[in-house]
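Structural characterization, general
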Amino acid sequence: MDDIWGGGRQGFDQHDRQHFSVCLERTIEELNGISCLPLEDAPPAKREIYCTRSFGEKASSIEPILQVTSLYARRACEKLRKQKHLMREILVFLQTSPFAEKRYSKSVTVKLPYPTDNTRLITRAAKQAIQSLYKEGYQTLKSGVGLVDLIDPAYGQGDLFQVTQPLRSTKIMATLDAVNKRFGSGTAFSAAEGLKKKWAMRQSYASPRYMTSWSQIPRAIC
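A few words now on the pattern of salt bridges. Scanning all chains against the criterion turns up four salt bridges. Note that arginine 74 and glutamate 193 form a salt bridge whose closest N and O atoms lie 2.5 Å from each other. Taken together, the residues span a long stretch of sequence, with arginine 74 in helix 3 (residues 62–82) and glutamate 193 in the segment after helix 5 (167–183) at a distance of 119 residues. The exposure class of arginine 74 is buried, given its relative accessible area of 5%. The exposure class assigned to glutamate 193 is buried, which follows from its relative accessible area of 0%. The structure contains a network of salt bridges with shared partners spanning Arg74, Glu78 and Glu193.

Moving on, we come to the packing of helix 3 against helix 4 (residues 119–133). Running from amino to carboxyl end, helix 3 crosses helix 4 at an angle of 145°, the nearest separation of the two axes being 9 Å. Pair helix 3 / helix 4 crosses with right-handed handedness. Where helix 3 approaches helix 4, its residues Ile62, Ile65, Leu66, Thr69, Ser70, Ala73, Arg74, Cys77 and Arg81 are matched on the opposing element by Thr119, Ile122, Thr123, Ala126, Lys127, Ile130 and Gln131. Taken together, the residues of the contact of helix 3 with helix 4 sort by class into eight nonpolar, five polar and three charged.

This brings us to the nonpolar core. In terms of nonpolar packing, the biggest core is built from 32 residues, with Met87, Ile90 and Leu147 touching the most fellow members. The biggest single contributor to this core is helix 3, with nine residues. Residues contacting leucine 147, with those up to four places away along its chain left out, are Arg47, Glu48, Ile49, Ala76, Cys77, Leu80, Met87, Glu89, Ile90 and Ile122.

Tracing the sequence through the fold places serine 97 in the loop between strand 2 (86–96) and strand 3 (105–116). The class of serine 97 is buried, set by a relative accessible area of 10%. Remark: the alpha-carbon pair of serine 97 and serine 54, spanning 43 residues in sequence, is separated by 9.2 Å. In this structure serine 97 touches Lys58, Arg103, Gln139 and Leu141, once residues within four positions along its chain are discounted.

It is worth spelling out the packing of aromatic side chains at this point. Describing an aromatic ring pair means giving the distance of the ring centres and the angle of the ring planes. Evaluated as defined, the whole model comprises one aromatic pair. Ring centres of tyrosine 104 and tyrosine 138 lie 5.2 Å apart, and the angle between their planes is 35°; on these two criteria the pair is classed as tilted. Of this pair, tyrosine 104 sits in the loop between strand 2 and strand 3 while tyrosine 138 sits in the loop between helix 4 and strand 4 (140–147), placing them 34 residues apart in sequence. The two residues tyrosine 104 and tyrosine 138 agree in class, both being buried. Across from the ring centre of tyrosine 138, 4.9 Å away, lies the NZ or CZ of lysine 102, which sits over that ring.

This brings us to the environment of tyrosine 138. Classification of tyrosine 138 as buried rests on a relative accessible area of 19%. The residues contacting tyrosine 138, other than those within four sequence positions of it, are Ala59, Ser60, Thr96, Lys102, Arg103 and Tyr104.

Next up on the list: helix 5. Between its first and last C-alpha, helix 5 extends 25 Å over 17 residues, near the 24 Å set by a 1.5 Å rise per residue. When helix 5 is considered as a whole, its buried residues turn out to be Ser169, Met173, Leu176 and Asn180. Buried residues in helix 5, looked at end-on, bunch into an arc of 60°, giving them a common side. Facing away from the buried surface of helix 5 by more than 90 degrees, the exposed residues are Leu167, Arg168, Lys171, Lys181 and Arg182.

Cut-offs and rules
- Residues numbered from 1 in each chain as written.
- Predicted model: local features only at pLDDT ≥ 70, side-chain atom pairs only at ≥ 80, totals over all residues.
- Heavy atoms only, no water.
- Salt bridge = Lys/Arg side-chain N within 4 Å of Asp/Glu carboxyl O.
- Helix = DSSP H or I, 4+ residues; strand = E, 2+ residues; numbered from the N terminus.
- Buried < 20%, exposed > 50% of the residue type's maximum accessible area, 1.4 Å probe, protein only.
- Axes fitted to C-alpha atoms, helices over the stretch in contact; angles between N-to-C directions.
- Left-handed = near helix turned anticlockwise from the far one by under 90°.
- Contact = heavy atoms within 4.5 Å.
- Nonpolar A, V, L, I, M, F, W, Y, C, P; charged D, E, K, R; others polar.
- Core = buried A, V, L, I, M, F, W, Y, C linked by side-chain atoms within 4.5 Å.
- Phe/Tyr/Trp six-rings, centres within 6.5 Å; stacked < 30°, edge-to-face > 60°.
- Lys NZ or Arg CZ within 6 Å of the ring centre and 35° of its normal.
- Expected span 1.5 Å × (residues − 1).
- Arc of directions from axis to C-beta.

This is the structure:
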């Protein structure tokens, strides 16, 4: 069988390297069965976790911004607990459309009293940050929550006077995750997210979910 590079040639030579990139060379070698990139048994843990989206409708008051930011805080916390980490600092930002006549963009970081993965505590900090960032008279289009100071509790070094997350909080979060895993994401959520979510992201042009939704499975009519 001929080599993938064609004509029985064996991989790249000096002439090829002068005209093509190293990415193409690696691709050719991989197709010929020569491993160039090592496989990871498990992806490394993230050092920062962000959750941010544009609103479905521009917000002219603070209430919908607080609700959507609470949602982003919950989703970020779910990712945090999934990789079994805690966080010590949260970043929250708020911005209008870059094409708006009155533009506004600002962010703030808030340090938590102790390393935590508690959605309630992190949501409270995110809401306080939004209240400090919000300014009337602007049409807000986007907000976001970032967990920027993550630690692995297995390697954490505390001391006798350091405050730690209560065991009760850890159990509550484990129960919350178990409920959402069994009955679907968002089954149990904080009341701070609200019930009528007019700010939800528009998905008018989303691709069909043939493999994950019973209602969207194609039907063959005989």
